[in-house]
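Summary of the model geometry
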Amino acid sequence: MGLPYSKKVIEHFKHPRNVGEITDADATALEGSPACGDMLKLTIKVDEETHVITDIKFESFGCASNIATGSILTEMVKGRTIEEAEKVTWKQAADELDGLPPVKMHCAVLAIDALKSAIEQWKERHGLTEKELTTPDRVLRKLRNVLNPLTGASIVRMQLLQDFDVKDGVITIDLDLTREHKFAAHIEEEIHEKLDHLWDVKEVKINFVGKPDS
Ligand code: FES
């Protein structure tokens, strides 16, 4: 027997709104769910004067509930300010869909997390966040959101992060991957995206210290 989805979930799943990627986005977030390994990518455009989200698009590599939540969420926050949008909860998104099966709530959480990270990134870039110091803890939190595209799992969980250090504004990261690995460039780019813009970071150095397969 299938899961008891509401009509609205099915409708948004079949005809998702705002699907795709904004190429000149002001912030991008990629979130993965440890519960199922699925991913959701969100891109936003924000008016610098008014803080209104003028455009938002999502791509889901998740289930029907995830697609439906991504879709409803884009409708809920488009045209609203980032300050309003960051208050939206996964519960409100689920209610807006007339409910989700309890086993699927994490799919809504994933969509909200992506929105929150995109907003946080935008605020960081515009100097609007509390000037939190970039500590090893903070770096680790950011790196937990860098995913291996092959598995959808975090590079931290996959134990690809061999070592890292934060000193005088320079973050040095050792990855247990070779430079030639097919996802090395992708992961490198993701790490730069998560860390380069932090206000007290001068440089992010990534070393590929993995041994080639013999
Ligand atoms: Fe993975 Fe829904 S089961 S996002």
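Residues numbered from 1 in each chain as written. Predicted model: local features only at pLDDT ≥ 70, side-chain atom pairs only at ≥ 80, totals over all residues. Heavy atoms only, no water.

What follows is about the overall build of the protein. Regarding its fold elements, the protein presents 7 helices and 6 strands. Overall, the C-alpha framework of the protein stretches about 50 × 45 × 30 Å when taken along its three principal axes. Counting across all 214 residues of the protein, residues that qualify as buried make up 45%. Counting contacts in the protein only where the partners sit at least 6 residues apart, residues at least 24 apart contribute 61% of the total. Here the protein has roughly 11,200 Å² of accessible surface; of this, 51% comes from carbon and sulfur atoms. Each charge class in the protein can be summarised by its mean position, and for the 28 positive and 38 negative side chains these summaries are 4 Å apart. (Helix = DSSP H or I, 4+ residues; strand = E, 2+ residues; numbered from the N terminus. Buried < 20%, exposed > 50% of the residue type's maximum accessible area, 1.4 Å probe, protein only. Contact = heavy atoms within 4.5 Å. Areas by Shrake-Rupley, 256 points an atom, 1.4 Å probe, with all protein chains shown as cover. Lys, Arg positive; Asp, Glu negative; His and termini not counted. Charge placed at Lys NZ, Arg CZ, Asp CG, Glu CD.)

What follows deals with the sheet that holds strand β5 (residues 170-175). In any sheet, the strands associate via hydrogen bonds between backbone groups, in a parallel or an antiparallel arrangement. Strand order in the open sheet made by the 3 strands is β4-β5-β6, with mixed pairing throughout. Strands at the two margins of the open sheet, each flanked by one partner only, are β4 (161-167) and β6 (203-208). Looking at each pair of strands side by side, their axes are set apart by 15° on average, direction ignored. Where β5 meets β6, 6 bridges bridge the pair, whose relative direction is parallel. Its bridge partner lying in β6, Leu175 is registered against Phe208. Those strands touched by helix α6 (residues 136-143) are β4 and β5, and its axis lies near 135° from that of β4. Helix α7 (residues 184-195) rests against β5 and β6 of the sheet, and its axis sits at about 155° to β6. (Pairing = 2+ DSSP bridges. Axes fitted to C-alpha atoms, helices over the stretch in contact; angles between N-to-C directions.)

Let us now look at the nonpolar core. Ranked by internal contacts, the top residues of the largest apolar core, which has 32 residues, are Leu40, Leu42, Ile44, Ile53, Ile56, Val77 and Leu115. With 9 residues, the top contributor of residues to this core is helix α5 (residues 105-125). What Ile44 contacts, discounting residues up to four positions off in sequence, is Ile22, Ala25, Asp26, Ala27, Ile53, Asp55, Ile56, Ala118 and Ile119. Counting 20 residues, the second-largest nonpolar core is a separate cluster that includes Val139, Leu161, Ile173 and Leu195. (Core = buried A, V, L, I, M, F, W, Y, C linked by side-chain atoms within 4.5 Å.)

Bringing α6 into the picture now. Each turn of an α-helix holds 3.6 residues, which means side chains three or four residues apart point in the same direction. Those residues of α6 not exposed but buried are Arg138, Val139, Lys142 and Leu143. One side of α6 carries all its buried residues, which in axial view fall inside an arc of 135°. Here the buried face of α6 lies against α5, β4, β5 and α7. (Arc of directions from axis to C-beta.)

What follows covers the side chain of Glu188. Structurally, Glu188 is set in helix α7. Sequence-distant contacts of Glu188, that is, excluding residues within four places in its chain, are made with Arg179, Ile206 and Phe208.

Quick look at unusual backbone geometry now. Residue Asn18 is not a glycine yet carries a positive backbone phi of 55°. Here Asn18 lies in the loop between α1 (7-14) and β1 (27-32). Non-glycine residue His51 carries a positive phi angle of around 65°. The topology assignment puts His51 in the loop between β2 (39-46) and β3 (53-60). Judged by relative accessible area, His51 falls into the buried class, the value being 17%.

These figures capture arrangement, not role.
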